[in-house]
Amino acid sequence: MTLASSLKRLLTGQKPSRDGGPTSRPWPGLVEQYRPWLPVGDGTPVVTLLEGNTPLLRAPALEKRVGRGVQVFLKVDGLNPTGSFKDRGMTMAISKAKEAGATAVICASTGNTSAAAAAYARRGGLRAFAVIPDGYVAKGKLAQALLYGAEVLAIQGNFDQALAITQKLAERYPVTLVNSINPYRLQGQKTAAFEVVQALGDAPDWLCIPMGNAGNISAYWMGFQEYRNAGLSKMLPVMCGFQASGSAPLVLGHPVDNPTTVATAIRIGNPANGEKALAVRKESGGRFASVSDGEILAAYQVLATEEGVFCEPASAASVAGMFKYATEIPSEARVVCVLTGNGLKDPTTALDANHANLHRNLAPEAEAVVQVMGL
Ligand code: AN7
């Protein structure tokens, strides 16, 4: 290795490969990757778990269903370190909280925010408090928050009430709010749009995304606009946001007092970023619609059994919504469905939906097993 090539490797972070050939630079986490686009400085202590850089996966079975040459891609953001897109926002929110001298953070959560906040806060040496709706957080998420070391405060109420409480506490006590009202969250989350543009060479024609507090749709729009304004993409997508029909304030046009849905991640009746999301719909010529729990679970199952992708129910709302608009998507268009969370977050829903495939109490003999196999 020459001195010049060693120096270059040192500067670019490249490691020599085993056969001596060039290797690509290892992924440095999204703050380092997109540093010029983010409000961080030399003094910002970057708390990272190397989030971001998630796959954009072609979905041939979904394409077959939609037809007319429409190309469908899945942004598999459940492959982030804690299993959801929240990690993108949390690397920023926790780094900035730490930079400002905070020693504790707080969030309200339907589950994923609490898991991400806990992981990043603990990694950064901060305390993490999570206020959650008791009984409505999927098992995997609660397990994560507890194991990462969050102090979990479960209220006899829903997410909207939890958020109101955390906002009050953050005003009165020295704890930093890390819900998506915190502007650094959306800054981090906008990087998902950058990755989509880089993978496709331009923005997609349509983007389908679930909406709860409506932070992520706003973050994607910000990312697509920034890249377009910088000349890194030509188009802006039609932004399509989907809510569960029992929790659809942005579709109905008014808050919902008692939101219900199997997709507990988006069981939110009064979205904190509602105004922003309505502006996104207007500016992008987008659409909002609700999808029933049945439609969500059907899409959830199709993704798993036909694409091999296990997402959580809330994430499947983006695909259920795409199916709803299938006839309106232009022929040959490119559609990205955002899969926000990993299916392992919610084993209960997966098990409940698939009892028929579990054959129990079989005698421990080949004949007994083959009989059920029907071979
Ligand atoms: C898997 O964790 O609000 O519209 O407290 O976990 O940006 O709120 C989660 C939201 C979509 C909705 N998909 O995103 C929380 C929380 C999954 C989610 C959403 C959430 P936003």
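Keep in mind it's a predicted model, so treat the numbers as computed, not measured.

Thresholds applied
Residues numbered from 1 in each chain as written. Predicted model: local features only at pLDDT ≥ 70, side-chain atom pairs only at ≥ 80, totals over all residues. Heavy atoms only, no water. Helix = DSSP H or I, 4+ residues; strand = E, 2+ residues; numbered from the N terminus. Rg over C-alpha atoms; globule rule 2.2 N^0.38 Å. Buried < 20%, exposed > 50% of the residue type's maximum accessible area, 1.4 Å probe, protein only. Contact = heavy atoms within 4.5 Å. Areas by Shrake-Rupley, 256 points an atom, 1.4 Å probe, with all protein chains shown as cover. Lys, Arg positive; Asp, Glu negative; His and termini not counted. Charge placed at Lys NZ, Arg CZ, Asp CG, Glu CD. Patch = residues over 30% accessible without salt bridge, like charges linked within 9 Å, V, L, I, M, F, W, Y side chains within 5 Å. Salt bridge = Lys/Arg side-chain N within 4 Å of Asp/Glu carboxyl O. Core = buried A, V, L, I, M, F, W, Y, C linked by side-chain atoms within 4.5 Å.

Chemist: Looking at this structure, I do not really get the overall build of the protein chain. What am I missing?
Modeler: The secondary structure content of the protein chain amounts to 16 helices and 10 strands. Against the 2.2 N^0.38 benchmark of 21 Å for 375 residues, the protein chain shows a C-alpha radius of gyration of 22 Å, consistent with a compact globule. Dimensions of the protein chain along its principal axes, counting C-alpha atoms only, are 65 × 55 × 50 Å. The buried share of the protein chain, reckoned over its 375 residues, is 54%. Contacts in the protein chain between residues far apart in sequence, at least 24 positions, make up 70% of those at least 6 positions apart. Element-wise, carbon and sulfur atoms account for 54% of the exposed surface of the protein chain, whose accessible area totals about 16800 Å². Across the protein chain, the 35 positively charged side chains and the 30 negatively charged ones have centroids separated by 6 Å.

Chemist: Can you help me understand a nonpolar patch on the surface in this one?
Modeler: On the surface, Leu362, Val369, Val370, Val372, Met373 and Leu375 cluster together into a nonpolar patch covering about 540 Å² of accessible area. Residue class for Val370 comes out partly exposed when judged on its relative accessible area of 37%.

Chemist: What is the right way to read the nonpolar core from this model?
Modeler: Soluble, globular proteins show a tendency: their nonpolar side chains are buried together. Ranked by internal contacts, the top residues of the largest apolar core, which has 39 residues, are Leu62, Leu74, Val319 and Met322. Listing elements by their share of this core, those giving two or more residues are helix 3 (60-66), strand 2 (71-76), strand 7 (206-210), strand 8 (238-244), strand 9 (287-291), helix 13 (293-307), helix 14 (313-324) and strand 10 (334-339). If one sorts the elements of this core by residue count, helix 14 sits on top with six residues. Beyond its immediate chain neighbours, meaning those up to four positions away, Leu74 contacts Pro55, Leu56, Leu57, Ala59, Leu62, Leu303, Val309, Val319, Cys337 and Leu339. Counting 30 residues, the second largest nonpolar core, distinct from the first, contains Ile217, Trp221, Leu250 and Val338.

Any functional reading would require information beyond the geometric quantities listed.
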